[in-house]
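What follows is each chain in one-letter form.
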Amino acid sequence: ETGVTQSPTHLIKTRGQQVTLRCSSQSGHNTVSWYQQALGQGPQFIFQYYREEENGRGNFPPRFSGLQFPNYSSELNVNALELDDSALYLCASSLEVNTGELFFGEGSRLTVL
Amino acid sequence: AQRVTQPEKLLSVFKGAPVELKCNYSYSGSPELFWYVQYSRQRLQLLLRHISRESIKGFTADLNKGETSFHLKKPFAQEEDSAMYYCALSGNRGSTLGRLYFGRGTQLTVWP
């Protein structure tokens, strides 16, 4: 059974640029959630995708957007990067929607200069 | 508003000593509570959830609705328990469904 995989693991961008992070969900999981974890903080919910539709969004501006594909993999896109976007971005998949039992990837560490 | 508070950022105990990681929450309803753990160089993973009422790796956690707490306990800590522990809440209605609200985490160190 393949776990949640994320790419890239690390990346550096400059302010104003755009970034795309990718996630492959665990086999058999149809729901993907994205979380932002700033240094010294717990993960914070960005949004969730279920069957290619957004199924809930946290308190993040519209420049944070996402996609889910038919194979349940997902992308997180962030436009007009700001310094405060520097964080670890975690992808998590689950066997069903509306469950708190999540399976996390190792994350993508984004640094914005 | 929903909130999870873990008052201790760092907690150190000696091997064999009891350990309790505190978690308090606020939510106007009946939430589901979880403990997630992250061992060194590993990904975040579920340790236990209150509805399962299980003991995992010797850890237990009881939901106390009166005190809005969900403290994690283990009677005899082991060195391999050293990790970052996150308490998390999932709501049971509306926009809180399907999302986790995490505390800031407690770094547990168990000394030999």
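Before reading on, note that the structure itself is shown above.
Reference entry: report on the structure contained in this document. Remember, it's a predicted structure, so these values are computed and weren't measured experimentally.

**A look at the state of the cysteines**
Part 1 of the argument: On inspection of all chains with the given rule, the structure shows two disulfides over all chains.
Part 2 of the argument: Disulfide pairing places A:Cys23 opposite A:Cys91 at an S-S distance of 1.8 Å. Disulfide A:Cys23-A:Cys91: torsion about the S-S bond near -65 degrees, hence left-handed. Here A:Cys23, found in strand β3 (residues 19–24), pairs with A:Cys91, found in strand β9 (residues 87–94); they are 68 residues apart in sequence, far enough to count as distant.
Part 3 of the argument: The residue that forms a disulfide with B:Cys23 is B:Cys87, at a sulfur-sulfur distance of 2.0 Å. Disulfide B:Cys23-B:Cys87: torsion about the S-S bond near -65 degrees, hence left-handed. Of this pair, B:Cys23 sits in the loop between β3 (19–21) and β4 (24–26) while B:Cys87 sits in strand β9 (residues 83–90), and the two are 64 residues apart along the sequence. As far as the burial class goes, B:Cys23 and B:Cys87 line up, both buried.

**A few points about unusual backbone geometry**
A negative phi holds for most residues other than glycine; trans holds for most peptide bonds.
Part 1 of the argument: With an omega of -10 degrees, the peptide bond between A:Ser7 and A:Pro8 qualifies as cis.
Part 2 of the argument: Within the fold, A:Pro8 resides in the loop between β1 (5–7) and β2 (10–13).
Part 3 of the argument: In this structure, A:Glu52 is a non-glycine residue whose phi angle is positive, near 70 degrees.
Part 4 of the argument: Relative to the elements of secondary structure, A:Glu52 occurs in the loop between β5 (44–50) and β6 (53–57).
Part 5 of the argument: Residue classification places A:Glu52 among the partly exposed residues on the basis of a relative accessible area of 42%.
Part 6 of the argument: Positioned with a positive phi, B:Arg41 is a non-glycine residue whose angle comes to about 65 degrees.

Cut-off values and rules
- Residues numbered from 1 in each chain as written.
- Chains lettered and ligands numbered in written order.
- Predicted model: local features only at pLDDT ≥ 70, side-chain atom pairs only at ≥ 80, totals over all residues.
- Heavy atoms only, no water.
- Disulfide = S-S within 2.5 Å.
- Helix = DSSP H or I, 4+ residues; strand = E, 2+ residues; numbered from the N terminus.
- Buried < 20%, exposed > 50% of the residue type's maximum accessible area, 1.4 Å probe, protein only.

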